[in-house]
Amino acid sequence: FFFFKQKTAYEILSGLVGSEMCIRDSFYMAYFSFMNVVSDLMQIRFGIDFEVCGFIMGIPYYIGAIGSPLTGIVVDRIGRRPIFICLSNYVMIVALLLLIALPQSKKGVYLVYVAGSLILYGCAYCFYVSGLWPSIPFTVQKKNIGSAFGITTAIQNIGLTLGPLIAGTVLNKDVVGGNYRLLNLIQVIEAGIGLFFGIWLYFYDLGPGRGILAANSVKANELQAQLEADNKKAADNHQDYQ
């Protein structure tokens, strides 16, 4: 959501365009490529019954449906959007490492641990959508908000396209479940990339960004109005100079 630059008071470095692409692509690649194969993973690696898998794999969506509005309210009140973005990737990494650490089993004895990992996945999703999507209107001029959401969705779909291709390549010749660990490791790397650029975003927002993403919704709107006024003043001065 840094494609459209506030050209004077809130100048965004061109490198941050790539950083925000990485945050979106890496999170959605890790999240949905995992959710696409989690049922097979539970059956092949951990011997969990098919019927149980059907319920367990819905845990992240249950949490997302209930938790996303709540975390959204929290973000509106306290701000800290870059922190929520970083936290989402960190929690996802923890969830994936938990699955990687578990030994393979055919008896379903690790059901509780797998369910715990999916609970963490659901929490990561809540943190992410409540932190990133509300940030978009505060980082572009109001006239570009619709275009910014469109570009954001397009970039998101790049990740949704690449994720299954990577997962299919990794799991293509898998017969005993071992490659699921490799896939989870790749997803850890993807989430790690998102965490790295999320930290970058956090520190950049504290500097040139004037803390607009860290502010609560009321303060962020005030900062955005000030930035737009500064931009208009600079544009008027430029015209007078010419």
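Numbers given to residues run from 1 along each chain, matching the order in which its sequence is written. pLDDT decides what is reported in this predicted model: residues at 70 or higher carry local features, side-chain atom pairs at 80 or more are listed and counted, and totals for whole chains, interfaces and linings draw on all residues regardless. Side-chain measures were taken over the full set of non-hydrogen atoms in the model, leaving aside hydrogen atoms and water.

Participant: What is the right way to read the overall build of the protein from this model?
Facilitator: On a plain count of helices and strands, the protein comes out with 8 helices and 0 strands. What you see in the protein, going N to C, is helices and strands ordered as α-α-α-α-α-α-α-α. Once local pairs closer than 6 in sequence are excluded, the contacts in the protein between residues at least 24 apart make up 79%. Accessible surface, the protein as shown: approximately 11,500 Å² in total, 67% of it carbon and sulfur. The numbering of helices and of strands both runs from the N terminus, where a helix is a DSSP run of H or I of at least 4 residues and a strand a run of E of at least 2. Contact definition: two residues touch when any of their heavy atoms are within 4.5 Å. Only the protein chains shown count as cover for residues, and the accessible areas themselves come from Shrake-Rupley with a 1.4 Å probe.

Participant: What should I look at first to understand the confidence of the model for the protein in this one?
Facilitator: As a general rule, the predicted coordinates of low-pLDDT regions are not to be interpreted in detail. Counting all residues, the mean pLDDT for the protein is 80, and 81% of those residues have values of 70 or more. Low confidence marks residues 1-19, where pLDDT is under 50. Its contacts with residues over four positions away, or in another chain, come to 59 contacts. Along the chain, pLDDT gives the predictor's confidence residue by residue, from 0 to 100.

Participant: Which parts of the structure should I look at to understand a nonpolar patch on the surface?
Facilitator: A grouping of Leu182, Leu185, Ile189 and Ile193 is seen on the molecular surface, where their side chains present a nonpolar patch of about 340 Å² in accessible area. The topology assignment puts Ile193 in helix H7 (residues 179-206). On the basis of relative accessible area, Ile193 is assigned to the partly exposed category, the value being 35%. Each patch is built from residues lacking any salt bridge and having more than 30% relative accessible area; the joining distance is 9 Å for like charges and 5 Å for nonpolar side chains (Val, Leu, Ile, Met, Phe, Trp, Tyr). One speaks of a salt bridge when a side-chain nitrogen belonging to Lys or Arg is within 4 Å of a carboxyl oxygen belonging to Asp or Glu. Relative accessibility under 20% of the residue-type maximum defines a buried residue, over 50% an exposed one, and the middle range a partly exposed one, all with a 1.4 Å probe and only protein chains included.

Participant: What is the right way to read the environment of Phe197 from this model?
Facilitator: By secondary structure assignment, the location of Phe197 is in helix H7. C-alpha of Phe197 to C-alpha of Pro82: the two residues are 115 residues apart in sequence and 9.9 Å apart in space.

Participant: Got a minute to help me understand the packing of aromatic side chains in this structure?
Facilitator: Aromatic ring pairs are described here by two measures, namely the spacing of the ring centres and the angle between the planes. Pairing of aromatic rings covers Phe, Tyr and Trp, the last counted by its six-membered ring, and requires centre-to-centre distances within 6.5 Å; plane angles under 30 degrees mean stacked, over 60 mean edge-to-face, and any other angle means tilted. This model, assessed by the stated rule, comprises 17 aromatic pairs. Ring centres 6.3 Å apart and planes at 75° place the aromatic pair Phe46 and Tyr110 in the edge-to-face group. Of the two residues, Phe46 is situated in helix H1 (residues 15-46) and Tyr110 in the loop between helix H4 (81-101) and helix H5 (111-132); the sequence distance between them amounts to 64 residues. Here the aromatic cluster, defined as three or more aromatic residues joined through ring pairs, consists of Phe27, Tyr28, Tyr31, Phe32, Phe34, Tyr121, Tyr125 and Tyr128.

Participant: Looking at this model, I keep getting lost on unusual backbone geometry. Mind explaining?
Facilitator: Trans is the common state for peptide bonds, and a negative phi is the common state for residues other than glycine. Of note, Arg80 is a non-glycine position whose phi angle comes to about 60°, a positive value. Since its relative accessible area comes to 42%, Arg80 is described here as partly exposed.

Participant: Got a minute to help me understand the side chain of Arg45 in this structure?
Facilitator: Following the sequence through the fold, Arg45 ends up in helix H1. Pairing of N or O atoms within 3.5 Å defines a polar contact, subject to two protein rules: one partner must be a possible hydrogen donor and the other a possible acceptor, and residues neighboring in sequence count only if both atoms are side-chain atoms. Within polar-contact distance, the side chain of Arg45 engages the backbone oxygen of Leu99 at 3.0 Å.

Participant: I keep staring at helix H6 (residues 145-171) and nothing clicks. Help me out?
Facilitator: An α-helical turn contains 3.6 residues, so a residue and the one three or four places further along point in the same direction. A helix's residues, less one, multiplied by 1.5 Å, set its expected span. With 27 residues, H6 extends 39 Å from end C-alpha to end C-alpha; this agrees with the ideal 39 Å at 1.5 Å per step. Among the residues of H6, those classed as buried are Ala148, Thr152, Ile155, Gln156, Gly159, Gly163, Ala167, Val170 and Leu171.

Participant: How should I be thinking about the nonpolar core in this particular structure?
Facilitator: Note that soluble globular proteins tend to have their nonpolar side chains buried in a common cluster. Only buried residues count toward a nonpolar core. Its members are Ala, Val, Leu, Ile, Met, Phe, Trp, Tyr and Cys residues joined through side-chain atoms within 4.5 Å. Within the largest apolar cluster, 55 residues are counted, with the highest numbers of intra-cluster contacts made by Phe34, Met42, Met92, Val114, Leu118 and Tyr121. Among the elements that take part in this core, H1 stands out by supplying 11 residues, more than any other.

Participant: What is the right way to read the state of the cysteines from this model?
Facilitator: A covalent bond bridging the sulfur atoms of two cysteines is what the word disulfide describes. Any two cysteine sulfur atoms within 2.5 Å of one another count as a disulfide. Under the defined criterion, the tally for this structure stands at 0 disulfides. The closest cysteine sulfur to the non-disulfide-bonded Cys126 is located on Cys123, 6.3 Å from its own sulfur. Looking at Cys126, the relative accessible area reads 3%, which means it is buried.

Participant: Teacher, can you tell me more about the side chain of Asn184 here?
Facilitator: Within the secondary structure layout, Asn184 lies in helix H7. Only 3.0 Å separates the side chain of Asn184 from the side chain of Gln187, close enough to count as a polar contact.

Participant: When you look at the environment of Phe27 in this model, what are you seeing that I'm missing?
Facilitator: One can find Phe27 in helix H1. With a relative accessible area of 0%, Phe27 lands in the buried category. Taking the C-alpha atoms as reference, Phe27 lies 6.8 Å from Glu190; in sequence the two are 163 residues apart.

Participant: Looking at this structure, how should I read the packing of H6 against H7?
Facilitator: For any two helices packed against each other, one specifies the crossing angle of their axes together with the interaxial distance. Where H6 contacts H7, the axes come no closer than 9 Å and their chain directions differ by 150°. Here H7 runs roughly antiparallel to H6, going by the angle between their axes. The two elements H6 and H7 meet at a crossing, and its hand is right-handed. Only Asn179, Tyr180, Leu182, Leu183, Ile186 and Glu190 of H7 make contact with H6, whose side of the interface consists of Ile166, Ala167, Val170 and Leu171. Tallied by class, residues from the contact of H6 with H7 come to 8 nonpolar, 1 polar and 1 charged. Every axis corresponds to a line fitted to the C-alpha atoms, with the helix fit spanning only the stretch in contact, and the corresponding angles, defined between N-to-C directions, vary from 0 to 180 degrees. In what follows, roughly perpendicular refers to angles from 65 to 115 degrees, roughly parallel to angles under 35, roughly antiparallel to angles over 145, and oblique to any angle outside these ranges. Here a crossing is taken to be left-handed if its near helix is turned anticlockwise relative to the far helix by less than a right angle, and right-handed if that turn runs clockwise. Classification used: nonpolar for Ala, Val, Leu, Ile, Met, Phe, Trp, Tyr, Cys and Pro, charged for Asp, Glu, Lys and Arg, polar for all others including Gly.

Participant: Honestly, the environment of Leu111 in this entry has me stumped. Any pointers?
Facilitator: Along the chain, Leu111 falls in helix H5. Separated by 64 residues in sequence, Leu111 and Gly47 place their C-alpha atoms 9.0 Å apart. What Leu111 contacts, discounting residues up to four positions off in sequence, is Ile48, Val52 and Ile56.

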